[in-house]
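# Structural characterization, general
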There are 2 protein chains.
Amino acid sequence: MNETLNVLNNRISLRRYKDKPISEDHLEQILYSTMRAPTAGNMMLYTVLVIKDQEKIEKLSKSCDNQPFIAKAPLVLIFLADMQRWTDYLQHCDIKKFCKEKEMEYHGPTNGDLFLSISDALIAAQNAVIAAESLNIGSCYIGDIMENYEIHKEMLNLPDKVFPIGMLTLGYYPDGMDKTTKPRFGKEYIVFEEEYKRLSGEDFDNMFQHISKNFNPNNAFDAKNIGQIAYSRKFGSDFAKEMERSVNIMIKHWNK
Amino acid sequence: MNETLNVLNNRISLRRYKDKPISEDHLEQILYSTMRAPTAGNMMLYTVLVIKDQEKIEKLSKSCDNQPFIAKAPLVLIFLADMQRWTDYLQHCDIKKFCKEKEMEYHGPTNGDLFLSISDALIAAQNAVIAAESLNIGSCYIGDIMENYEIHKEMLNLPDKVFPIGMLTLGYYPDGMDKTTKPRFGKEYIVFEEEYKRLSGEDFDNMFQHISKNFNPNNAFDAKNIGQIAYSRKFGSDFAKEMERSVNIMIKHWNK
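Residues numbered from 1 in each chain as written. Chains lettered and ligands numbered in written order. Predicted model: local features only at pLDDT ≥ 70, side-chain atom pairs only at ≥ 80, totals over all residues. Heavy atoms only, no water.

### Structural notes on the overall build of chain A
Helix and strand counts for chain A come out as 13 helices and five strands. The principal-axis extents of the C-alpha atoms in chain A amount to approximately 65 × 45 × 40 Å. Long-range contacts, defined here as pairs at least 24 residues apart, represent 79% of the contacts in chain A between residues at least 6 apart. Taken as a whole, chain A presents about 10600 Å² of accessible surface, with 48% of it coming from carbon and sulfur. Of the charged side chains in chain A, 32 are positive and 36 negative; the average position of the first set lies 2 Å away from that of the second. (Helix = DSSP H or I, 4+ residues; strand = E, 2+ residues; numbered from the N terminus. Contact = heavy atoms within 4.5 Å. Areas by Shrake-Rupley, 256 points an atom, 1.4 Å probe, with all protein chains shown as cover. Lys, Arg positive; Asp, Glu negative; His and termini not counted. Charge placed at Lys NZ, Arg CZ, Asp CG, Glu CD.)

This is the structure in structure tokens:
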């Protein structure tokens, strides 16, 4: 296995960091590799916010579903799907006048642009993760940056045409850290050939077997199986409700 | 620079491939690394479709904004944001009965789930890109898979709770290929410290200087600057209109 595959295959979500700031040199290398990520039409429809201010990181640890480990991260990167920059640039380029002259309709960022810029932002984020990992800097994705939009808009000075899609906490691996990776679902349930395949009940029983065997019938949710636990803890949880509320407001701002 | 950074930093979007199928061993390695990508709550809210059928790849080259080079790719991977699998699994787990007993509201996939699963899918896609690159297999993202939803739904047997967010064409680098990377915008315009910064007209002039200096005043769009060209070719183009139409229909299916 080559070194790059080794980095990809052994990466874990790190939630405990060495008490040591990220060196400027390493941060520069991470950001350089981030910006080498593929981007639609070389347009770079994203922005990276580098957060080092400890007070701000503490606030984020609360606004991102109250996760205290976030506050201990020496570095946070926030990835914004960004059509504000291009919208402002087009304005600077007299785009409305041009469209009028050419009898073209001028429109601001669409939902299509939203998904393209979200793609750009996440692809760049994953380059940051891998660059960091190769430097012995662990990371954890915080999807909860999609919650509490109003708080983040104020805290991070976000204009309307910017959508915070991902956040990373970063820090050096603690010395002697055990990097045991978590098992994933079997490939036969995630990768299909030529077309999509709906799974059967038997497929699901097999797919979840490695989790089901550790199922605790005396769980806090009074759940009878893994699916009911997953719904209670994830899809039907309070944080999921908050994310849904917040995301819908972000979409409204995007489409203003 | 370590080997991984070297792979990240020198990757180009490859649109011309060696006439040689991807070996089974390499495909397995790519898919393994793909599935090691970080995923929200280890839930793997995505599906990868492996497309080798040449007829299908040719159809995709037409439905994805008529790009003939796609038809020459020996392998295509399509990344689906997927809440169908979990929706079906929750059903299999008697989720509605459980919610009724617990007086919880049951809801299907929300917009929050859409953005989480899109994140999962794109993060996995970038792992595929980097794994491939480390094996001398080049790739190109095709965001145009978001167009022509109805055609792709039929061709790929897509259920409602699945959103095709990204596609990759893959193939070995041609022998002796010149891997010259494209310049990106300056870091000062893409990476901000602590909070978002709107750029000024002067900032934009500087940011686009390396492109503006090659501006051709006798262009096909009768555009007076780079922004007007970008709007004509990208944001205001026919393919952008089609993407917007298609994406809005996908969102409707998701929320059915």
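### Examining the packing of helix α2 (residues 24–35) of chain A against helix α1 (residues 3–10) of chain B
Taken N-terminus to C-terminus, the directions of α2(A) and α1(B) make an angle of 35 degrees; their axes are 8 Å apart at the nearest point. By crossing handedness, the relation of α2(A) to α1(B) is classed as left-handed. For the pair formed by α2(A) and α1(B), the contact residues are Q29(A), Y32(A) and S33(A) on the first element and L5(B), L8(B) and N9(B) on the second. Here the contact of α2(A) with α1(B) is composed, by residue class, of three nonpolar, three polar and no charged. (Axes fitted to C-alpha atoms, helices over the stretch in contact; angles between N-to-C directions. Left-handed = near helix turned anticlockwise from the far one by under 90°. Nonpolar A, V, L, I, M, F, W, Y, C, P; charged D, E, K, R; others polar.)

### Section: the relation of the copies chain A and chain B
Placing chain A over chain B gives an RMSD of 0.0 Å and needs a rotation angle of 180 degrees, together with 0.0 Å of translation along the axis. Expressed as an axis order, the relation between the two copies is that of a two-fold axis. Distance from the rotation axis, computed per C-alpha, reaches its smallest value in chain A at T4(A): 2.4 Å. Residue by residue, 99% of the interface of chain A is reproduced at the interface of chain B, so both copies engage with the same surface. (Least-squares fit on C-alpha atoms with pLDDT ≥ 70 in both.)

### A look at the interface of chain A and chain B
Of the residues lining the interface, 123 residues belong to chain A; the matching set on chain B comes to 122 residues. Carbon and sulfur atoms supply 61% of the area that chain A and chain B bury against each other, a total of about 10800 Å² over both sides. The tally of links between chain A and chain B comes to eight salt bridges. The partner of R198(B) in a salt bridge is D88(A), with the nearest N and O atoms 2.6 Å apart. For the interface between chain A and chain B, the tally reads 69 residue pairs in polar contact (both at pLDDT 80 or more). The biggest single contributor to the side of chain A that touches chain B is helix α7 (residues 111–134) of chain A, with 15 residues. Looking at the side of chain A that touches chain B residue by residue, the class counts come to 65 nonpolar, 30 polar and 28 charged. (Buried area = accessible area lost by both parts, 1.4 Å probe. Salt bridge = Lys/Arg side-chain N within 4 Å of Asp/Glu carboxyl O. Polar contact = N/O pair within 3.5 Å; in protein donor to acceptor, adjacent residues only side chain to side chain.)

### Focus on the sheet that holds strand β1 (residues 46–51) of chain B
The five strands are arranged β5(A)-β1(B)-β2(B)-β4(B)-β3(B) in an open sheet whose pairing can be described as mixed. Every interior strand has two partners, whereas the edge strands, β5 (191–193) of chain A together with β3 (137–141) of chain B, have only one. On average, each strand axis in the sheet is tilted by 25 degrees relative to the strand beside it, whichever way the strands run. Alignment of β5(A) against β1(B), held across three bridges, turns out to be parallel. Its bridge partner being in β1(B), E193(A) is matched across the sheet by V50(B). Docked against the sheet, helix α2 (residues 24–35) of chain B engages β5 of chain A together with β1, β2 (75–82), β3 and β4 (162–172) of chain B, running at close to 165 degrees with respect to β1(B). (Pairing = 2+ DSSP bridges.)

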